[in-house]
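Letter by letter, the chains look like this.
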Amino acid sequence: MPTTTDFLTYTQWIGTLTLVCGVLSILGFIFKWGIRFRLVGITGFMGVLTGGLFALSIVPFTRTVVPGAVPFSLVYDNGGNQTVIALPTTINESQLEASLRQAASDLYSYGRLGGENNQLTIRARTVIHPEPGISKPLVVGKISRSLAKRDDEQMTINIYKERLAQLQKGEGESPRDSSEG
């Protein structure tokens, strides 16, 4: 992933190219070239690109990495206050908690609509196969966090231990099915 330093370098190059286009536009008007208005449009577009790259060079990119979190896939997201993630059936309690915290960090956005309680609820589920040919989704935990604060210290985590115990009994899915959501 490009860093803010990379974007600053890109800004310098695109900014230089924008100035060159601006000079060409001025020359186009002085010498009454037929493409002078196109050059103005190109210069304006290049100015917008330069501004965007400059903005990306001053905004730090941060991504919180929670130790112990396992990869998850997003199964459902209403764009507001409800999401569901899928986890492998081989997950244990500490990995589940770390994965829920990772999802809460990754899925947080100022643009989400929180409803009446302004909370984002993320449910973690896996798929078990109690009998051959039968699949059953099993919610193993959930986390609720505030949508008002980026760093929410008041997150509530619920881990359903009795459901996790079902996974350890061998009622889970086969490893080849764990990537399906």
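Please read these numbers as outputs of a predicted model, since none were measured by experiment. (Residues numbered from 1 in each chain as written. Predicted model: local features only at pLDDT ≥ 70, side-chain atom pairs only at ≥ 80, totals over all residues. Heavy atoms only, no water.)

Outline the packing of aromatic side chains, listing residues and values.
Considering all chains together, one arrives at four aromatic pairs under this definition. Measuring from ring centre to ring centre gives 5.9 Å for Phe-7 and Tyr-10, while their planes differ by 90 degrees; the resulting arrangement is edge-to-face. Remark: Tyr-10 and Phe-7 occur in helix 1 (residues 4-30); sequence separation between them is three residues, near one turn of the helix. Aromatic side chains Tyr-108 and Tyr-110 sit 5.4 Å apart centroid to centroid with 75 degrees between the ring planes, which places their arrangement in the edge-to-face category. By relative accessible area, which is 7% here, Tyr-108 ends up buried. (Phe/Tyr/Trp six-rings, centres within 6.5 Å; stacked < 30°, edge-to-face > 60°. Helix = DSSP H or I, 4+ residues; strand = E, 2+ residues; numbered from the N terminus. Buried < 20%, exposed > 50% of the residue type's maximum accessible area, 1.4 Å probe, protein only.)

Provide a residue-level description of the packing of helix 1 against helix 2 (residues 36-58), including the pertinent values.
A pair of packed helices is characterised by two quantities: the angle between their axes and the separation of those axes. Packing of helix 1 against helix 2 brings their axes to within 8 Å, and their N-to-C directions diverge by 160 degrees. Taken together, helix 1 and helix 2 sit at an angle that is classed as roughly antiparallel. Handedness of the helix 1/helix 2 crossing: left-handed. Considered class by class, the residues forming the contact of helix 1 with helix 2 number 17 nonpolar, 11 polar and one charged. (Axes fitted to C-alpha atoms, helices over the stretch in contact; angles between N-to-C directions. Parallel < 35°, antiparallel > 145°, perpendicular 65-115°, else oblique. Left-handed = near helix turned anticlockwise from the far one by under 90°. Nonpolar A, V, L, I, M, F, W, Y, C, P; charged D, E, K, R; others polar.)

Before we move on, can you summarise the pairing of strand 4 (residues 134-146) with the specific residues and values?
One ladder, built from 11 bridges, connects strand 3 (residues 119-131) with strand 4; its direction is antiparallel. Bridge pairing links Glu-131 to Ile-134 in strand 4. The hairpin turn running from strand 3 into strand 4, its antiparallel successor, is two residues long, and Gly-133 in that turn takes a positive phi close to 85 degrees. Examined bridge by bridge, strand 4 and strand 5 (residues 156-159) share four bridges and lie antiparallel to one another. By the bridge assignment, Lys-142 is partnered in strand 5 with Asn-158. (Pairing = 2+ DSSP bridges.)

Can you lay out the sheet that holds strand 2 (residues 82-86) for me, pointing to particular residues and giving the numbers?
Within the open sheet, the five strands sit side by side as 1-2-3-4-5. Their pairing is mixed. Two strands bound the open sheet, and with one partner strand each, they are strand 1 (73-77) and strand 5. Across the sheet, the mean angle separating the axes of adjacent strands is 25 degrees when strand polarity is ignored. Each of strand 2, strand 3, strand 4 and strand 5 touches helix 3 (residues 93-106); the most contacted strand, strand 4, lies at about 60 degrees to it. Against the sheet, helix 4 (residues 161-168) touches strand 3, strand 4 and strand 5, its axis set at about 140 degrees to strand 4. (Contact = heavy atoms within 4.5 Å.)

Outline helix 2, listing residues and values.
End to end, helix 2 covers 33 Å across 23 residues, agreeing with the expected 33 Å (1.5 Å per residue, within 8%). Those residues of helix 2 lying buried are Leu-39, Thr-43, Met-46, Thr-50, Leu-53 and Ser-57. Where the residues of helix 2 are buried, they touch helix 1. (Expected span 1.5 Å × (residues − 1).)

Before we move on, can you summarise the confidence of the model for the protein with the specific residues and values?
When pLDDT is averaged across the protein, the result is 89; 93% of the residues are at 70 or more. When the criterion is pLDDT under 50, residues 172-181 qualifies, and its contacts beyond four places in sequence or with other chains add up to 16 contacts. (pLDDT = per-residue confidence, 0-100.)

Which residues make up a nonpolar patch on the surface, and what are the values?
A surface patch of nonpolar side chains, amounting to about 900 Å² of accessible area, comprises Leu-17, Val-20, Val-23, Leu-24, Ile-26, Leu-27, Ile-30, Phe-31, Trp-33 and Ile-35. Among the structural elements, Leu-17 can be located in helix 1. Residue class for Leu-17 comes out partly exposed when judged on its relative accessible area of 43%. (Patch = residues over 30% accessible without salt bridge, like charges linked within 9 Å, V, L, I, M, F, W, Y side chains within 5 Å. Areas by Shrake-Rupley, 256 points an atom, 1.4 Å probe, with all protein chains shown as cover. Salt bridge = Lys/Arg side-chain N within 4 Å of Asp/Glu carboxyl O.)

So what about the environment of Leu-39? Which residues, and what values?
Note that Leu-39 resides in helix 2. You can call Leu-39 buried: its relative accessible area is 10%. Here the alpha-carbon distance between Leu-39 and Lys-136, two residues 97 residues apart in the chain, equals 61 Å. Beyond its immediate sequence surroundings of up to four residues, Leu-39 is in contact with Leu-24, Ser-25 and Trp-33.

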